[in-house]
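# A look at the structure
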Amino acid sequence: MFEYEFMRQAFIASTFIAITAGIVGVFVVSRNMSFLSHTLSEIGFAGASFGILVGISPLAGMILFTIVSSIAVGSLSSESSRREASISAISSLFIGLGILFLSLSSESSSYATNILFGSIVGISAKEVQQLVILAVVVIAVFIIFYKPLSFDSFDHIGARAAGLKTRLLSIAFLVTLALSVSIGAQIVGSLLVFVLLTLPGATAKYLVHTIPKLLMVSVGLSLVGVWLGLYLAFVTNWPVTFFISSFEVLAYFCGLTYKNWKLNH
Amino acid sequence: MIEAKNLTKRFGNQLVFQDVNFKINQGDFLSLIGPNGSGKTTLVKILMGLEPKTSGELKLDHKQTIGYVPQFRNIDNDYPLSMEAFIRLNLKFTLSPTKRRANDQLIQEILKKTGLTALKDRPLGLASGGEKQKAYLAQALLNDPKILILDESTASLDVEVKMQLMDLVAELNKKYQLTVIFITHDYELTKKYTTKALFFQNKTLKEVPISHISEKMFEMEG
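Rules used throughout
- Residues numbered from 1 in each chain as written.
- Chains lettered and ligands numbered in written order.
- Predicted model: local features only at pLDDT ≥ 70, side-chain atom pairs only at ≥ 80, totals over all residues.
- UniProt positions renumbered as here; feature names shortened; annotations may be inferred.
- Domains from an automatic or database assignment.
- Contact = placed C-beta atoms within 7 Å.
- Nonpolar A, V, L, I, M, F, W, Y, C, P; charged D, E, K, R; others polar.
- Helix = DSSP H or I, 4+ residues; strand = E, 2+ residues; numbered from the N terminus.
- Axes fitted to C-alpha atoms, helices over the stretch in contact; angles between N-to-C directions.
- Parallel < 35°, antiparallel > 145°, perpendicular 65-115°, else oblique.
- pLDDT = per-residue confidence, 0-100.
- Pairing = 2+ DSSP bridges.

By the naming in an unreviewed UniProt entry, chain B is Zinc iron ABC transporter, ATP-binding subunit, taken from Companilactobacillus futsaii JCM 17355. We quote the UniProt Sequence similarities (unreviewed entry) comment for chain B here in full: "Belongs to the ABC transporter superfamily."

Chain A is annotated in an unreviewed UniProt entry as Metal ABC transporter permease from Companilactobacillus futsaii. Quoted verbatim from the Sequence similarities (unreviewed entry) field of the UniProt record, the comment on chain A reads "Belongs to the ABC-3 integral membrane protein family."

Take a look at the structure:
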């Protein structure tokens with residue numbers, strides 16, 4: 001299948017996206033932000049349709065919306081309970097807005113399908129380049145902040161007691177999460193991008209117990225997921241997103257079963 | 001090593017404490033007692049530089065090397081990291097192989113000191129209350145603190161486990177001249193382990209010799 005240009009592009013883009021999502025996912029899960037990443041993808045949908053409406057690229061619109069709202073959420077309140085309620089309110093508003101923007105723009109409805117469900121095989125060389133650059137930026141941020149971000153994500157109270165600037169870290173994390181949602185949505189679509197951003201990280205948690213290993217397993221699971229998804233989509237002509245989400249969900253339940261089995265033995 | 005003169009703290013118009021005076025010497029093992037809301041945790045936050053004082057003087061060496069063991073941690077049963085990985089969170093980042101080896105050695109020493117060597121690969125989420133507190137203690141000890149603050153670390157433990165943990169702290173206190181500040185509501189532990197008490201009452205603090213403490217001082221409500 002690699003004789004086709006579009007498949008080669010798709011593999012390059014999704015490899016970088018999977019690495020990014022796998023890394024970010026470990027921290028999304030340890031910071032209990034699965035819910036927020038779901039909301040960010042809905043906000044991303046509104047951003048992408050806004051991009052189409054005003055004539056900038058959907059990716060740019062998505063990045064704009066998700067970054068602004070992730071910073072807003074981060075500075076709203078630090079109490080997680082309040083955050084959950086305000087998050088669901090915001091997310092409904094944005095889905096509404098996304099639908100409005102799409103109906104105001106003259107684009108056909110297939111565009112909406114692409115945003116919501118992903119369109120990896122239709123990706124151009126230039127778009128691949130953009131995705132790879134963004135992915136590298138996100139990965140670089142994680143390498144730079146690896147130590148303090150790990151401390152804060154896996155032991156927030158301890159990190160504060162040790163004098164870390166946890167607020168700053170939290171904003172930096174939310175911005176990279178926003179970027180990851182935007183780039184991840186290009187392959188699995190904004191409806192299911194949180195699959196890549198949460199499930200591999202959550203599965204890893206059941207299998208291994210150090211941060212480097214969590215990162216390896218999470219990145220590994222998301223890579224296998226997208227590669228397998230692309231291959232099966234090529235062979236069957238079914239949607240990529242279906243295969244990726246099925247694989248990640250299956251892996252998650254296997255992980256959960258393994259953990260329970262281990263607890264009883 | 002720590003000296004406070006007329007230390008005062010207000011949150012807006014609300015006075016937390018006023019004109020607090022005390023002196024803590026290296027190697028002291030003291031308890032910080034008083035009813036809930038009397039200012040114990042606020043004082044500790046000021047000592048750690050997490051909260052500004054309103055007025056007064058505070059002399060403090062080794063500001064960077066206070067180890068703090070908080071009372072509550074959000075560690076649930078699903079918490080993924082092993083004991084060792086959890087303790088390692090407090091290590092400084094380094095690429096140098098020499099420093100990495102030194103760090104590895106340090107971790108092994110701390111594990112041994114706290115009696116966690118055999119448990120190091122176990123997920124912290126599955127550990128017992130006492131083992132968790134030991135891991136918190138080990139993490140706080142990592143940067144070789146001169147002062148260790150235990151914030152009601154024994155509150156949720158069984159009597160036997162409490163004693164074990166306190167024996168360990170007492171040993172560190174004796175062996176390494178580690179200054180310990182123990183925030184507590186536990187009369188027995190205060191009497192058994194600490195050498196003096198700082199008692200919060202009526203918006204101020206007084207120093208009480210251990211022979212003079214009474215159970216009444218440990219009532220939770222003021």
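After presenting the structure, the write-up continues.
Attention now goes to the domain arrangement of chain B. Residue and element names in this part refer to chain B. In terms of domains, chain B is made up of domain 1 (1-62 + 146-158 + 178-214) and domain 2 (74-145). One C-alpha centre belongs to domain 1, the other to domain 2; they are set 27 Å apart. Domain 1 puts six residues into the contact, and the matching count from domain 2 is five residues. Partitioning the side of domain 1 that touches domain 2 into residue classes produces three nonpolar, two polar and one charged.

Turning to the UniProt feature "transmembrane region" (unreviewed entry) in chain A, a few remarks are in order. Residue and element names in this part refer to chain A. This chain's UniProt record puts "transmembrane region" (unreviewed entry) on residues 12-30, 50-73, 85-102, 131-149, 169-202, 214-234 and 240-258. Each end of residues 131-149 is marked by a C-alpha atom, and these two atoms are 24 Å apart; helix forms 95% of the span and strand 0%. Between the C-alpha atoms that bound residues 240-258 there is a distance of 27 Å. The span itself is 100% helix and 0% strand.

Residue and element names in this part refer to chain A. Two elements in contact, helix α9 (residues 166-188) and helix α10 (residues 193-207), have axes separated by 7 Å at closest approach and are oriented at 115°. Classified by the interaxial angle, the pair formed by α9 and α10 is roughly perpendicular. Each of S180, V181, G184, A185 and V188 in α9 lies in contact with α10, whose residues at this interface are V193, V195, L196 and L197. By residue class, the composition of the contact of α9 with α10 is seven nonpolar, two polar and no charged.

This brings us to the environment of B:G125. Considering the arrangement of structural elements, one finds B:G125 in the loop between α3 (97-113) and α4 (129-141). Sequence separation of B:G125 and B:S153 is 28 residues, and the distance between their C-alpha atoms is 17 Å.

It is worth spelling out the confidence of the model for chain A at this point. Chain-level pLDDT for chain A is 87 on average; 95% of the residues reach the 70-or-more range. Mean pLDDT across the elements of chain A ranges from a minimum in helix α5 (residues 109-117) of chain A, with 74, to a maximum in helix α11 (residues 211-236) of chain A, with 95.

Let us look at the environment of A:F35. Relative to the helices and strands, A:F35 is located in helix α2 (residues 34-54). For the pair A:F35 and A:I87, spaced 52 residues apart in sequence, the C-alpha separation works out to 8.4 Å.

All names here are of chain B. Overall, mixed pairing links the six strands, which are arranged β5-β6-β7-β3-β8-β9 in an open sheet. For this open sheet the edge positions go to β5 (66-69) and β9 (204-209), each flanked by a neighbour on one side alone. When the angles between neighbouring strand axes are averaged without regard to direction, this sheet yields 20°. Both strand β6 (residues 147-151) and strand β7 (residues 179-183) contribute to a ladder of five bridges, which runs parallel. Residue L148 lies in a different strand from β7, and its bridge partner there is V180.

Further remarks concern the sheet that holds strand β4 (residues 55-60) of chain B. Residues and elements named next belong to chain B. Judged by pairing direction, the sheet is antiparallel, and its three strands sit side by side in the order β2-β1-β4 without closing on themselves. The sheet terminates laterally at β2 (14-24) and β4, the two strands that pair on one side only. Put simply, the sheet's adjacent strands are angled 25° from each other on average, direction ignored. Here five bridges tie strand β1 (residues 2-11) to β4, and the two strands are oriented antiparallel to one another. Bridge pairing in β4 places K5 opposite E57. Lying on the sheet, helix α1 (residues 40-48) is in contact with β1, β2 and β4; it crosses β1 at an angle near 120°.

What follows is about the confidence of the model for chain B. Fine structural detail should not be taken from predicted coordinates in areas where pLDDT scores are low. All names here are of chain B. Looking at chain B as a whole, the pLDDT averages 88, with 97% of positions reaching at least 70. Summarising per-element confidence for chain B, the mean pLDDT is lowest in β9 (87) and highest in helix α2 (residues 83-88) (94). Scored by ipTM, the complex comes to 0.85, with pTM at 0.87.

With that settled, consider the interface of chain A and chain B. Across the contact, 17 residues belong to chain A and 17 residues belong to chain B. When contributions to the side of chain A that touches chain B are tallied by element, the ones reaching two or more residues are α7 (146-154), α8 (156-161) and α11 of chain A. The element best represented in the side of chain A that touches chain B is α7(A), accounting for five residues. Of the residues that constitute the side of chain A that touches chain B, the class distribution is eight nonpolar, six polar and three charged.

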